[in-house]
Amino acid sequence: MKALHAGKNRLQDQIIIKFNQKTFPLASLQAPSLQQVKQILASPPGTSGYQLTFTGYGDMPNDSTEVSVSFPQTLGDVSLALARPYQTFVLAGKTSETIALQNQVSFSGELAAKITTFIDYTVQGVLHIIPKGLDHILFVLALFLLATRMSSLLWQVSAFTLAHTITLGLGIYGVVNLPATIVEPLITLSIAYVAVENIFALQLKKWRILVIFAFGLLHGLGFASVLLELGLAPGQYVLSLIAFNIGVELGQLAVILLAFACVWWWQSKHWYRRRIVQPLSLVIAVTGVYWFVERII
């Protein structure tokens, strides 16, 4: 992890931004997450191309009329997005074309930065569920399987959402800090528990909402670790947190809607529980136990 931070700091120093031909340093650089880097390193030899996103933050002089950016050759070719929707392509080791800012006024400034941050972190929240958050997807599916009415499902999802929102915020601000070696195995056990309960419980018990709330607290700490890896936009911590959480909720909602679309035709059948709920819950439970063993070894 220290090597990763050192590499990010070195890269931040090598990116040169010039406003009106005068060099201004980056205040911070949001680099790809450790998970993204691991996925690339694990890619098969000969994989054709990959994309990493770096987001730079800094102060722009008020009288700026043009900007250009230079990147180190080690980054390769770069797609430079400046005050959306402007985008240009920079060859490896080269300096971008000089970009006039007077035509970008409507996209520049504090509002544009907030809009960009909100969009970026909302997308990251969705991506953390679909396709990256298979463990969270299985947990939501386990909740869905035992809920025979939409109202009961909404109560469960609401409890889960409230809980993980609390610990997501507390984790980001360092109030609660548990190592991933504890949080991640417990998350997998929560998946297995809910799935096993689906197999044996004939109906949803009222106290299950309290259990789901407790599990939501765990999942929130998992979300917090991901958001900390991504980094929070300087000066926009609350906005980044809210946007990421909204993205997570949109991802969970998409999972529920897709699951409902797949099984709604059979939900009224007398064999729905025996042929759909119990077999799928068994698969989810076995997967949760397998992940638990994998994460503690």
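Within any chain, residue numbers begin from 1 and follow the written order of that chain's sequence. Given that this is a predicted model, residues contribute local features only at a pLDDT of at least 70 and side-chain atom pairs are listed and counted only at 80 or more, while totals for whole chains, interfaces and linings are drawn from all residues. Side-chain measures here rest on the full set of heavy atoms in the structure, leaving out hydrogens and waters.

The protein appears in an unreviewed UniProt entry as HupE/UreJ family protein from Thalassomonas haliotis.

**Q** Would you explain the layout of surface pockets in this entry?
**A** In this approach the atoms are scanned with a rolling probe the size of a water molecule, which exposes any empty space left behind. Empty space within the second largest pocket amounts to approximately 490 Å³. Together, 22 residues line the second largest pocket, and L146, A147, T148, R149 and S152 are the ones closest to its centre. Elements that contribute at least two residues to the lining of the second largest pocket include exactly α4 (134-146), α5 (150-172) and α9 (272-296). When residues of the lining of the second largest pocket are assigned to their parent elements, the largest contribution, five residues, is made by α5. Split by residue class, the lining of the second largest pocket holds 13 nonpolar, five polar and four charged. Grid points spaced at 1 Å and placed over the protein atoms alone form the basis of the search, with a cavity being a set where a 1.4 Å probe fits but cannot get out and a pocket an open set showing protein on both sides within 12 Å along at least five of seven lines. Lining residues have an atom within 4 Å of a point. Grid points are joined across faces, edges and corners, and a volume is the space filled by probe spheres set on the points. Helix numbers and strand numbers start at the N terminus; a helix is a DSSP run of H or I with at least 4 residues, a strand a run of E with at least 2. The classification used treats Ala, Val, Leu, Ile, Met, Phe, Trp, Tyr, Cys and Pro as nonpolar, Asp, Glu, Lys and Arg as charged, and all other residues, Gly among them, as polar.

**Q** For this particular structure, what's the right way to read the packing of α4 against helix α6 (residues 180-200)?
**A** Describing two packed helices takes the angle between their axes plus the distance from one axis to the other. Each axis is a line fitted through C-alpha atoms, taken for helices only over the stretch in contact, and angles between the N-to-C directions span 0 to 180 degrees. Put simply, α4 and α6 touch, their axes get as near as 9 Å, and they point 20° apart. One way to sum up the angle between α4 and α6 is to call them roughly parallel. For α4 against α6, the interelement crossing comes out left-handed. Contacts between α4 and α6 pair D135, H136, L138, F139, A142, L143, L145 and L146 from the former with E184, I187, S190, I191, V194, A195 and N198 from the latter. Throughout this description, any angle smaller than 35 degrees is read as roughly parallel, any larger than 145 degrees as roughly antiparallel, any in the 65 to 115 degree range as roughly perpendicular, and the remainder as oblique. Rotating anticlockwise by less than a right angle from the far helix to the near helix defines a left-handed crossing, while the corresponding clockwise rotation defines a right-handed one. Any two residues whose heavy atoms approach within 4.5 Å are treated as being in contact.

**Q** Can you help me understand the pattern of salt bridges in this one?
**A** If charged atoms from side chains of opposite charge come close, those side chains can pair. A side-chain nitrogen of Lys or Arg and a carboxyl oxygen of Asp or Glu constitute a salt bridge if their distance falls within 4 Å. Tallied over the full model, the rule gives three salt bridges. E184 serves as the salt-bridge partner of R295, at 2.9 Å between the closest nitrogen and oxygen. Residue R295 is found in helix α9, and its partner E184 is found in helix α6; the two are separated by 111 residues along the sequence. The salt bridge involving R208 is made with E197; its shortest N-O contact spans 3.1 Å.

**Q** It is not clear to me how unusual backbone geometry should be interpreted in this structure. Could you clarify?
**A** Keep in mind that most residues, glycine aside, have a negative phi and that most peptide bonds are trans. The omega torsion across I130 and P131 is 10°, close enough to zero to call that bond cis. On the secondary structure map, P131 appears in the loop between α3 (109-129) and α4. Its identity as a non-glycine residue notwithstanding, Q21 has a phi of 70°, on the positive side. In this structure, Q21 sits in the loop between β1 (16-19) and β2 (22-24).

**Q** Hey, could you run me through the pairing of β1 in this one?
**A** The side chains of a regular strand alternate between both faces of the sheet. Classification of residues uses two cut-offs on accessible area relative to the type maximum, computed with a 1.4 Å probe and protein chains only: under 20% is buried, over 50% is exposed, and between them is partly exposed. Burial along β1 is one-sided: I17 and F19 are buried, while I16 and K18, pointing the other way, are not. The pairing of β1 with strand β5 (residues 66-70) spans four bridges and is antiparallel. Each residue of the ladder has a partner; that of I17, found in β5, is V69. For two strands to count as paired, DSSP must find a minimum of two bridges between them. Two elements, β1 and β2, share three bridges in a ladder whose sense is antiparallel. Paired with I17 across the strands is F24, a residue of β2. With antiparallel pairing between neighbouring strands as the criterion, β1 and β2 make up a hairpin whose turn holds two residues, including N20 at a positive phi of roughly 50°.

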